[in-house]
Amino acid sequence: MTGATERCAKGCLLEGITPTNLQTSCSYHQGEQISPKRDLFIICRGPVSWTWGLEGKGCLEILGPGEIWECEGKGQGQLRALGEVRGHWLKREQWLELLLIPTVEERFLSYMRKKLQQQHEWQLVLARGSVRARVAWQLLDLAERFGEWDARTGETFVEIHLTQAQQAQLCGASRARVWQALEEFTSKRWLICSSRGFWVRDKEALRQQSREAF
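These figures come from a predicted structure and were not determined experimentally. (Residues numbered from 1 in each chain as written. Predicted model: local features only at pLDDT ≥ 70, side-chain atom pairs only at ≥ 80, totals over all residues. Heavy atoms only, no water.)

Chemist: What is the right way to read the overall build of the chain from this model?
Modeler: Across its full length, the chain holds 7 helices and 11 strands. Taken over C-alpha atoms, the radius of gyration comes to 18 Å for the chain, in line with the 17 Å a tight globule of 214 residues would show. Projected onto the principal axes, the alpha-carbon positions of the chain cover approximately 50 × 45 × 30 Å. Considering only contacts within the chain whose residues lie at least 6 apart along the sequence, 68% involve residues at least 24 apart. Counting only carbon and sulfur atoms, one obtains 48% of the accessible surface of the chain, whose full area is about 11,900 Å². Side chains of the chain give 29 positive and 26 negative charges; the mean places of these two sets differ by 4 Å. (Helix = DSSP H or I, 4+ residues; strand = E, 2+ residues; numbered from the N terminus. Rg over C-alpha atoms; globule rule 2.2 N^0.38 Å. Contact = heavy atoms within 4.5 Å. Areas by Shrake-Rupley, 256 points an atom, 1.4 Å probe, with all protein chains shown as cover. Lys, Arg positive; Asp, Glu negative; His and termini not counted. Charge placed at Lys NZ, Arg CZ, Asp CG, Glu CD.)

Chemist: Please clarify how the nonpolar core should be interpreted in this entry.
Modeler: Across soluble globular proteins, nonpolar side chains have a tendency to be buried as a group. By size, the foremost hydrophobic cluster in this structure holds 27 residues, and its most contacted members are V135, L139, L142, F185 and L206. Broken down by secondary-structure element, the contributors of at least two residues to this core are β4 (59–63), α4 (131–146), α5 (164–171), α6 (175–187), β11 (198–200) and α7 (203–210). Residue contributions to this core peak at 8 residues, all from α4. Once you skip the residues sitting within four places of it in the chain, L206 turns out to touch A136, L139, L140, F185, W190 and V200. In terms of nonpolar packing, the next biggest core, distinct from the first, is built from 15 residues, C12, I17, L40 and V104 among them. (Core = buried A, V, L, I, M, F, W, Y, C linked by side-chain atoms within 4.5 Å. Buried < 20%, exposed > 50% of the residue type's maximum accessible area, 1.4 Å probe, protein only.)

Chemist: Got a minute to help me understand the sheet that holds strand β7 (residues 85–90) in this structure?
Modeler: Sheet strands line up and pair through hydrogen bonds in the backbone, either parallel or antiparallel. On the basis of which strands lie adjacent, the open sheet formed by 4 strands has the order β1-β7-β2-β5 and antiparallel pairing. Looking at strand neighbours, the two that pair on one side only are β1 (24–28) and β5 (68–70), the edges of this open sheet. Each strand of the sheet is rotated relative to its neighbour by a mean of 30°, with strand direction disregarded. Relative to β7, strand β2 (residues 40–45) runs antiparallel, the two sharing 5 bridges. Along β7, the bridge assignment pairs I42 with H88. (Pairing = 2+ DSSP bridges. Axes fitted to C-alpha atoms, helices over the stretch in contact; angles between N-to-C directions.)

Chemist: What exactly am I supposed to notice about the pairing of β2 here?
Modeler: For a regular strand, side-chain orientation follows a simple rule: the groups alternate between the two sheet faces. Burial analysis of β2 places 5 of its 6 residues in the buried class, the great majority of the element. Both β2 and β5 contribute to a ladder of 3 bridges, which runs antiparallel. Considered in β5, the bridge of L40 is made with E70.

Chemist: Got a minute to help me understand the pairing of β1 in this structure?
Modeler: Across the two faces of β1 the burial differs, with T24, C26 and Y28 buried and S25 and S27 not buried at all. Pairing of β1 with β7, which is carried by 5 bridges, proceeds in the antiparallel orientation. The residue bridging Y28 from the neighbouring strand is V85, located in β7.

Chemist: Explain α5 here, please?
Modeler: Residue pairs spaced three or four apart in an α-helix point in one direction, given the helix's 3.6 residues per turn. Residues of α5 that are buried: Q166, Q167, A168, L170 and C171. Turning to α5, the residues buried within the fold contact β4, α3 (102–128), α4 and α6. Positive backbone phi, at 65°, marks G172, one or two positions downstream of α5.

Chemist: Just to check I follow, could you spell out the packing of aromatic side chains for this structure?
Modeler: Within a pair of aromatic rings, the relevant descriptors are the distance that separates the centres and the angle that separates the planes. The tally for this structure, following the rule as stated, stands at 9 aromatic pairs. Ring centres of W122 and W137 lie 5.2 Å apart, and the angle between their planes is 35°; on these two criteria the pair is classed as tilted. Placement of the pair is W122 in helix α3 and W137 in helix α4, with a sequence separation of 15 residues. Judged by its relative accessible area of 16%, W122 is buried. (Phe/Tyr/Trp six-rings, centres within 6.5 Å; stacked < 30°, edge-to-face > 60°.)

Chemist: Just checking my understanding: could you explain the sheet that holds β4 for this structure?
Modeler: With antiparallel pairing, the 3 strands of this open sheet are ordered in space as β4-β3-β6. Whereas interior strands pair on both sides, the edge strands pair on one side only; in this sheet they are β4 and β6 (78–81). Put simply, the sheet's adjacent strands are angled 25° from each other on average, direction ignored. Pairing of strand β3 (residues 48–52) with β4 involves 5 bridges; the strand directions are antiparallel. Opposite T51, over in β4, you have L60 as the bridge partner.

Take a look at the structure:
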């Protein structure tokens, strides 16, 4: 197989190593549905959207390099590529074997600690914050995980374009309320949106807005 280093992005669990027990490697284009092939999918490169729940009232989560999607118990959800995505399908015993590699184990434990902290923060924002706070938190989260910082302009570009329905699912709010928040951030020049993705121009302003729940 090709080396994991050729497939990985920064932050991937397999960055810099070439495991010998991985056999099923897959690539997906933007918008393509990712159908289960094995038990687990390790994302090495690119953003992935996972939608679950009733149609029209689903919830959306965005996964990226270093994260793992488990097929079991998620048959009603949909996994789609939001960009050019690469990763590995593997059985649970293969994953347990990977965890015996000290580098993978260390990265996975670090990722889990960070993930739990993020989930705790998001629950607070979801329970106590306004829709503006929810939108700001999600924009910053995407920028930190998938953004490319431009030292010349000080802006961060995120090459992820979401529909209004997806934005509403991501923030747990109506499309109208999310649109109003985005319009406000755009008018204040905190944010620029386009069909390619979005630019975060003022991280500190968005951070202050997102932390009203704290």
